[in-house]
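Observations on chain architecture
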Amino acid sequence: MSKAFQTFLLIFLVSSISSCVIKKDKAMIDNILQEAKVTLAPDRRTVVFDVKARLDGDDLILNGEVHSRELRDRLVQFIGSKSNYKIVDSLTVLPHSSLGDKTYAVVSISVANLRTKPDHAAEMATQVLLGTPLKVLKKHRGWYYVQTLEDYLGWTDDKIILMNKDDFERWSQQPKVIVTAEYGFTHQSKEKGSAVVSDVVIGSLLALKKESRSHYEVIYPDGRTAFLAKGNGEPLSAWIGRTKDTPENILATAKRFFGIPYLWGGTSAKGFDCSGFTKTVFYLNGVLLPRDANQQATVGEPIDTSSGLENLKPGDLLFFGSKAKGDKPERVTHCAISLGGKRFIHESGDVRINSLDPADPDYSEFRSETFVRAKRVIGVGENAGVRRLSQISYYRGYEPK
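Residues numbered from 1 in each chain as written. Predicted model: local features only at pLDDT ≥ 70, side-chain atom pairs only at ≥ 80, totals over all residues. Heavy atoms only, no water.

Taken together, the six strands give an open sheet; going across it, the order is β21-β26-β22-β23-β24-β25, and neighbouring strands pair in antiparallel fashion. With one partner strand each, in any of the chains shown, β21 (301-303) and β25 (350-355) form the two edges of the open sheet. Here the average twist between neighbouring strands, direction ignored, is 35°. Where strand β22 (residues 317-322) lies against strand β26 (residues 371-376), four bridges are found, and the strand directions are antiparallel. Looking at the pairing, Leu318 lines up with Ala374 of β26. Sheet contacts for helix α5 (residues 247-255): β23 (331-340), β24 (343-348) and β25; angle to β23, the most-contacted strand, approximately 110°. (Pairing = 2+ DSSP bridges. Helix = DSSP H or I, 4+ residues; strand = E, 2+ residues; numbered from the N terminus. Axes fitted to C-alpha atoms, helices over the stretch in contact; angles between N-to-C directions. Contact = heavy atoms within 4.5 Å.)

The next point concerns the confidence of the model for the protein. Interpretation of the predicted coordinates at a detailed level should be avoided for regions scoring low in pLDDT. Per-residue confidence for the protein averages 93 on the pLDDT scale, and 93% of its residues sit at or above 70. In this model, residues 12-22 is a region of pLDDT below 50 whose contacts with residues beyond four sequence positions or in other chains number zero contacts. (pLDDT = per-residue confidence, 0-100.)

One broad rule of soluble globular proteins: the nonpolar side chains tend to lie buried together. Phe257, Phe277, Phe282, Ile337, Leu389, Tyr394 and Tyr395 are the most contacted members of the largest nonpolar core, which totals 49 residues. If you tally residues by element for this core, the top one is helix α6 (residues 274-283), at five residues. Residue contacts for Leu389: discarding those within four places in its chain leaves Trp239, Ile240, Tyr283, Gly286, Val287, Leu288, Tyr395 and Arg396. In this structure, Val51, Val66, Leu75 and Ile79 belong to the second largest nonpolar core, which totals 18 residues. (Core = buried A, V, L, I, M, F, W, Y, C linked by side-chain atoms within 4.5 Å. Buried < 20%, exposed > 50% of the residue type's maximum accessible area, 1.4 Å probe, protein only.)

Here we come to the side chain of Thr267. Counting through the fold element by element, Thr267 comes out in strand β18 (residues 267-268). By relative accessible area, which is 3% here, Thr267 ends up buried.

Next up on the list: the pairing of strand β7 (residues 133-140). Direction of pairing for strand β4 (residues 104-107) relative to β7: antiparallel, over a ladder of three bridges. Bridge assignment links Val106 to a residue of β7, and that residue is Pro133. In the sheet, β7 pairs with strand β8 (residues 143-147) via five bridges, with the strands oriented antiparallel. Counterpart to Lys139 in the pairing with β8 is Tyr144.

Further remarks concern the pattern of salt bridges. Scanning the entire structure with this criterion turns up 24 salt bridges. The partner of Lys279 in a salt bridge is Glu150, and the shortest N-O contact between them spans 3.5 Å. Of the two residues, Lys279 is situated in helix α6 and Glu150 in the loop between β8 and β9 (153-156); the sequence distance between them amounts to 129 residues. Here Glu182 and Arg256 are joined by a salt bridge, their closest N and O atoms 2.7 Å apart. Placement of Glu182 in the loop between β11 (176-179) and β12 (183-187) and of Arg256 in the loop between α5 and β18 is noted, with a sequence separation of 74 residues between them. Salt bridges here are not isolated pairs; linked through shared partners, they connect Asp43, Arg45, Asp273, Arg291 and Asp292. (Salt bridge = Lys/Arg side-chain N within 4 Å of Asp/Glu carboxyl O.)

The next subject is the sheet that holds strand β3 (residues 86-93). Read from one edge to the other, the open sheet built from three strands follows the order β1-β2-β3, with strand pairing classed as mixed. Each edge of the sheet is formed by a strand with only one pairing partner; in this case those strands are β1 (49-56) and β3. Neighbour-to-neighbour, the strand axes of this sheet turn through a mean angle of 15°, independent of strand direction. With eight bridges joining them, β1 and strand β2 (residues 59-66) adopt antiparallel strand pairing. Residue pairing across strands places Asp56 opposite Asp59, the latter belonging to β2.

Another aspect to go through is the pairing of β26. Where β21 and β26 come together, three bridges link them in antiparallel fashion. Looking at β26, one finds that Ile303 is bridged to Ala374.

Right, let's get into the environment of Leu153. Within the element layout of this structure, Leu153 appears in strand β9. Leu153 gets classed as buried once you look at its relative accessible area, which sits at 7%. Put simply, Leu153 and Arg242 are 89 residues apart on the chain and 31 Å apart in space, counted from C-alpha to C-alpha. Residue contacts for Leu153: discarding those within four places in its chain leaves Arg44, Arg45, Thr46, Val47, Val48, His67, Ala125, Leu137, Tyr145, Val146 and Gln147.

Considering the arrangement of structural elements, one finds Ile79 in helix α2 (residues 69-82). Accessibility expressed as a relative area gives 1% for Ile79, which makes it buried. Ile79 sits 44 residues away from Glu123 along the chain, and the two C-alpha atoms are 34 Å apart. For Ile79, the contacting residues outside a window of four places in its chain are Ile32, Leu33, Leu60, Leu62 and Ile87.

With that out of the way, let us pick up unusual backbone geometry. For residues besides glycine, phi is generally negative; the peptide bonds are generally trans as well. The omega torsion across Leu94 and Pro95 is 0°, close enough to zero to call that bond cis. Its place among the elements puts Pro95 in the loop between β3 and β4. In this structure, Asp151 is a non-glycine residue whose phi angle is positive, near 75°. Note on placement: Asp151 falls in the loop between β8 and β9.

Take a look at the structure:
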């Protein structure tokens, strides 16, 4: 064997070993990142975790975006506990610095659409109503990446008013009016036939400027003023004080929306999807549910339905999809509100009543075959993941003297 060949062989072997070590280390790092994502940010709908890593000698360089400084610190600590590399933090922490101090926003149209990407062709993830507060995380051209009160993420280029902390606190502390009519309009004056300022939907919030015998004079987040007929709204402080999630109230609210059509991502009286319907019904009774059906299935108290539906009470949440089987986990794809027993109201094509009883004329064989489980939210506290508007400062903030 020639000396030149021996040298080539040695270089080849060293290179092969080095390549194997690098591949092994990269696989280890990828596994650690995946474990970190599952542990620290399991739901991409509510937490930003877009992290990549590369090795440079003994340095492990982290790139990408994370939701907050707290998440970044936890990630660095997590990786440090799993490896001996020196961690170089090149992560972008949200909110993005390009926003300056304007990391708050309030919706200033009746219903704003939030999409999965900054593109009108992208899937609509959810909607937010007039007066809803938002966290602003970053921007892309004319689009803003925002987070709702229930932590849901999405992109919008609809009319939101950016605010710094002081502006937002001033807006938050103004007394508010909540719209209580399913659908209506504000006008430029109290006079009959006055020009429309905008449409409004039930649950919308506007600042209260003045009150007369027949109208509320209101202020939009963008500064516009208008008049809302008193029959279409109520002072938020009074509404919060009397709002209660009882079975009777939940079902009465749900039945107000009979016939409202299905809209993927919809959360307003203009159109709902299944979880948008349940979320809106409970919101109008002072409860802030998570956005999607499988997220709603994680809150509240479980109801034993193993031997039948006798334990169901009016207002309980029903979930449908596929039960866990073998290696396949449970999958929740639909939700409804129990009327008690086997009947329920839900958004399926439109808001309607169906039943799990084969003898009932409203029986749904499909829903019967795909029923997964039920949860109770009414009367349940924060220890079961249930939040109430009265506990959120934005809704509770103004205390009339």
